[in-house]
Amino acid sequence: MIAEGPRRRLRLVTTLLIGLVFVIVAQLVQVQLVDHRFYADWAKEQHERPLRLDTPARGTIRDRNGHVLAGNAVMWSIEADTAYVVDAQGVATALGPLLHIPAAQIEQLLRGQAAWVRLASPVPKELGEQVAALRLQGITVRPLWERKYPETRLASHVIGFCNAEGTGFYGVEGFYDVLLQPERTEWTGAVDPASEQIPWTVAPVVLPQPGAELVLTVDRTVQALTEAELSRSVQEYQAEGGTIIVMDPRTFEILAMASMPNYDPGHYNDFYGLNPPPFEDPAVSQQYEPGSVFKILTVAAALDTGLVTPYTTYDDQGSIEVGGVAVANASRQAYGQQTVTDILIHSLNVGVAWLSTKMGSDTFYRYVQAFGVGQPTGVDLAGEVAGQLWLPDDYEHWHDSNLGINAFGQGLAVTPLQMIAAVATVANDGTRLRPHIVARRVAPDGTVFTFRPVVEAQVISPQTARTLMEMMVQVVEEGSTQARVPGYTIAGKSGTAQIPIPGGYDREGTIVSFVGFGPVPDPRLIVLVKLDRPKTSTWASETAVRAFQRLAARLFVVLGIPPDGAQAVAQVAEVVR
Amino acid sequence: MSDFMRLVTHGIKRGRFEIRSRAALYLFAPVVALTVVAALYLTLVSRTAARGRHIEQLRVELFRLQRENQQLEVELASAASVSRLWERAIGLGFVPAERVEFLRPGDSALRSE
């Protein structure tokens, strides 16, 4: 038997203990259930950090035959987590000679307040591996991607460039930046005190994907020959710059597109000092008044409406008044009775002004717009501009005289790509396609997306296109004879255009151009040559036409395009001998 | 029992300690079960850690190989660039092929073969 006193004390102790248990249980319920989220998040904050998995490479850019135009090389970044550097002096002594930085300077950085210091970046692969092999405590060697352009300046305007942060600018790099960008995967997981992943939590198995690979329509050999010819022409004719575009008129694939001055995309920083920097592609970003090349479009419209035939005649008196402005021939001569074909052969301003007024502004501008003038072609390159075309309903800018002046390619502006696409429409049976520079896109999983030609408009009938093509052949046979390529039937038209300046036109400089295609009747190649302000001659026939001839003759050989007929075989062998 | 002990124990006497098999089962079964579960858990965690480390190593190796591959591709492209090939060809005495003859079926040159 227990006495009453102890029994009471026992009850008291028991009650207290039970109460204490309740308090503990209540606290546990509070912590484990009620405030569970708060404490779980708190714990997570302490042992989990966002970790960026290694970033894969930016997509490669290749030419149509698989040659790399833009790829990636590995560089390294040498960094220090100062909190983990135990022997600052020893680390500085080891790194100084390798990084060519005074050891005292490195030591000062390591002993500084900053928790993280970048010691050198980017450094070459070999040096990075040397530093990594030292296994210095607190020193991290991190790989970086650096964009490389193995062909240096080749197709620089087409490709564009990519900056150190991995963002693409201009050209294909700019236009397809989103596709070329690699996937950047960030994953939150458990880390150790040095912020390294603890392996007992497995990172997501899905690895970040590299950027898509782009295969261009550009042929690097054609591009190199085109650039060589442009360089030669600019030098020989003392031009300020120029553009040459080579296209397949059957698909509107751009085989080569060169402009000068150009730059090395691998060292784009060196060109920022130039005024203006040469990054914009003049082929799509700069507009000019095309001059007489534009007459092709005016004649095409007149033929297609059925208003005239190649043999329709008119009386050329040397000038014609349109909207109160006298339009004269470039030679200031009167040519008398001329056919529509003669208008192209002799490049008669009066003749095309007569055609445009005969058509009326509605019809003329409907065709001009259908040819794509005044609107971007939609090419897959960054920075394309629309050109400039005033229409009759624009009372502020358009004047009645525009109808006559526009007919021979003045008073409006196009980009070189717009111009070649418009003429390629004639070579392609009157169907205008969308020019494009990317042939295929290869996704990281290997799926291939092929770009199909996009039809923009049936501008003129196939019959009109064939007729006009024959007329353009006569232009080369009887007018721009310097454009003839032995063995091949070439169609083309030259243009010598005045350059607009504030208050009128420049009296000295001209822009000379020539657009030609062949072999007719089934053209496989169309070439536009444009030279800015050549000094040796202001006429296209003595500059751009010759450049076209040299390049076209070379390209027919390189691309394996056979001459027109059996007899021509002997001709080719004879002429180039 | 002395007075002192009586004061400490309040006169309560400890009963005789007896091991009953059923009680022992109730006591040890959960302990054994917990031990088994703990051992399994430890095995699982250690295996996961080892597998995680292996996956991490594979991923590091994969990225290293990808980097190496890209590097080699760029070096190869640079060595085979148009300008390099041009220089090399000229150095070896080649000239641009300007004289090209296209043969067509029916040409005498083909017939003679």
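Residues numbered from 1 in each chain as written. Chains lettered and ligands numbered in written order. Predicted model: local features only at pLDDT ≥ 70, side-chain atom pairs only at ≥ 80, totals over all residues.

1. With respect to the overall build of chain A
The helix and strand inventory of chain A stands at 19 helices and 22 strands. Here chain A has a C-alpha radius of gyration of 35 Å; the compact-globule value for 577 residues is 25 Å, and the former is much larger. Considering only C-alpha atoms, chain A reaches an extent of 145 × 60 × 50 Å along its principal axes. Counting every position in chain A, which comprises 577 residues, the buried fraction comes to 45%. Taking all contacts inside chain A whose residues are at least 6 apart in sequence as the whole, residues at least 24 apart take part in 73%. (Helix = DSSP H or I, 4+ residues; strand = E, 2+ residues; numbered from the N terminus. Rg over C-alpha atoms; globule rule 2.2 N^0.38 Å. Buried ≥ 20, exposed ≤ 12 C-beta atoms within 10 Å, placed from the backbone. Contact = placed C-beta atoms within 7 Å.)

2. Here's the deal with the overall build of chain B
When its secondary structure is counted, chain B shows four helices and zero strands. Put simply, chain B runs from its N terminus to its C terminus through helices and strands in the order α-α-α-α. Here chain B, with 113 residues, has 5% of them falling under the buried criterion.

3. Some points on the domain arrangement of chain A
Segmenting chain A into domains produces domain 1 (105-144) and domain 2 (220-576). Taken over C-alpha atoms, the centre of domain 1 of chain A sits 56 Å from the centre of domain 2 of chain A. (Domains from an automatic or database assignment.)

4. Side note on the pairing of strand β11 (residues 253-260) of chain A
Counted residue by residue, β11(A) has eight buried out of eight residues, so it is predominantly covered. Where strand β10 (residues 241-248) of chain A folds back onto β11(A) in an antiparallel hairpin, the turn is made up of four residues, including Phe252(A), whose phi is positive at roughly 65 degrees. (Pairing = 2+ DSSP bridges.)

5. A short note on the environment of Glu508(A)
All names here are of chain A. Among the secondary structure elements, Glu 508 is positioned in strand β21 (residues 504-518). Classification of Glu 508 as exposed rests on a count of 9 C-beta atoms within 10 Å. C-alpha separation for the pair Glu 508 and Gln 498, spaced 10 residues apart in sequence, amounts to 8.5 Å.

6. Regarding the nonpolar core
Residues and elements named next belong to chain A. Val 172, Val 299 and Ile 420 are the most contacted members of the largest nonpolar core, which totals 139 residues. Not counting the four nearest positions on each side in its chain, Ile 420 is found in contact with Ile 245, Met 247, Val 515, Ile 526 and Leu 528. Residues Val 91, Ala 92, Leu 119 and Val 123 belong to the second largest nonpolar core, which totals 14 residues. (Core = buried A, V, L, I, M, F, W, Y, C linked by C-beta atoms within 7 Å.)

7. Quick notes on the packing of helix α11 (residues 295-304) of chain A against helix α13 (residues 349-359) of chain A
All names here are of chain A. With their axes 10 Å apart at the nearest point, α11 and α13 run at an angle of 40 degrees to one another. Put simply, α11 runs oblique to α13. When the axes of α11 and α13 are compared, the crossing they make is left-handed. Residue-level inspection shows Lys 295, Thr 298, Val 299, Ala 301 and Ala 302 of α11 in contact with α13, the latter providing Val 352, Leu 355, Ser 356 and Met 359. Its residues placed into classes, the contact of α11 with α13 shows six nonpolar, two polar and one charged. (Axes fitted to C-alpha atoms, helices over the stretch in contact; angles between N-to-C directions. Parallel < 35°, antiparallel > 145°, perpendicular 65-115°, else oblique. Left-handed = near helix turned anticlockwise from the far one by under 90°. Nonpolar A, V, L, I, M, F, W, Y, C, P; charged D, E, K, R; others polar.)

8. What to know about the sheet that holds β11(A)
Residue and element names in this part refer to chain A. Here five strands make up an open sheet; going across it, the order is β11-β10-β22-β21-β20 and the pairing antiparallel. This sheet does not close on itself; its edge strands, each paired only once, are β11 and β20 (491-501). The average undirected angle you get between the axes of adjacent strands in this sheet is 10 degrees. Both β20 and β21 contribute to a ladder of 10 bridges, which runs antiparallel. The residue of β21 that forms the bridge with Gly 495 is Ser 513. Sheet strands touched by helix α16 (residues 416-427): β10, β21 and β22 (525-532). Its angle to β22, the strand with the most contacts, is close to 150 degrees. Packed on one face of the sheet, helix α18 (residues 544-558) meets β10, β20, β21 and β22 and runs near 145 degrees to β22.

9. A closer look at helix α2 (residues 36-47) of chain A
In a regular helix each residue adds 1.5 Å, so 12 residues correspond to 16 Å; α2(A) covers 17 Å between its end C-alpha atoms and thus fits that length. Within α2(A), only zero of the 12 residues are buried, which leaves it mostly out in the open. (Expected span 1.5 Å × (residues − 1).)

10. Some details on the confidence of the model for chain B
All names here are of chain B. Per-residue confidence for chain B gives a mean pLDDT of 82; residues scoring 70 or more make up 80%. Across chain B, helix α3 (residues 82-91) holds the top mean pLDDT of 93, while helix α4 (residues 108-112) sits lowest at 54. For this predicted complex, the interface score ipTM comes out at 0.78, while the overall pTM is 0.84. (pLDDT = per-residue confidence, 0-100.)

11. As for helix α3 (residues 88-99) of chain A
Residues and elements named next belong to chain A. The terminal C-alpha atoms of α3, which comprises 12 residues, lie 15 Å apart, in line with the 16 Å expected from a rise of 1.5 Å per residue. Of the residues making up α3, those classed as buried are Val 91, Ala 92 and Leu 95. Buried residues of α3, viewed axially, fall in a sector of 95 degrees; they line one side. Considering only its buried residues, α3 is in contact with α4 (103-110), β4 (116-123), α5 (125-134) and β5 (139-148). Immediately downstream of α3, the backbone of His 100 shows phi near 55 degrees, a positive value. (Arc of directions from axis to C-beta.)

12. What to know about the confidence of the model for chain A
Residues of chain A with pLDDT of at least 70 account for 95%, and the chain-wide mean is 91. Contacts of residues 566-577 of chain A to residues separated by more than four positions or lying in other chains number 18 contacts, the stretch itself having pLDDT below 50.

13. Some details on the pairing of strand β9 (residues 213-216) of chain A
All names here are of chain A. The side-chain alternation of β9 yields two buried faces, one formed by Glu 213 and Val 215 and the other by Leu 214 and Leu 216. Where strand β2 (residues 61-62) and β9 come together, two bridges link them in parallel fashion. Bridge assignment links Ile 61 to a residue of β9, and that residue is Leu 214.

14. A few points about unusual backbone geometry
Residue and element names in this part refer to chain A. The omega torsion across Met 260 and Pro 261 is 0 degrees, close enough to zero to call that bond cis. With respect to the element layout, Pro 261 can be found in the loop between β11 and α10 (282-285). Omega for the peptide link from Val 520 to Pro 521 comes to 20 degrees, which places this bond in the cis form. Positionally, Pro 521 belongs in the loop between β21 and β22. The phi torsion at Phe 252 lies on the positive side, around 65 degrees, for a residue other than glycine.

15. Regarding the environment of Arg67(B)
Relative to the assigned elements, Arg67(B) resides in helix α2 (residues 21-79). The contact partners of Arg67(B), leaving out residues within four places of it in the chain, are Val74(A) and Pro143(A).

16. Some points on the environment of Val454(A)
With respect to the element layout, Val454(A) can be found in the loop between β18 (448-450) and β19 (455-458). Residues Val454(A) and Arg434(A), spaced 20 residues apart in sequence, show a C-alpha to C-alpha distance of 5.4 Å.

17. So, the packing of α3(A) against α5(A)
Residue and element names in this part refer to chain A. Running from N to C, α3 and α5 cross one another at 170 degrees; their axes reach a closest spacing of 11 Å. Considering their axes alone, α3 and α5 lie roughly antiparallel with respect to each other. In this structure, α3 uses Ala 94, Leu 95 and Leu 98 to contact α5, whose residues at the interface are Leu 127, Gln 130, Val 131 and Leu 134. Split into classes, the residues belonging to the contact of α3 with α5 amount to six nonpolar, one polar and no charged.

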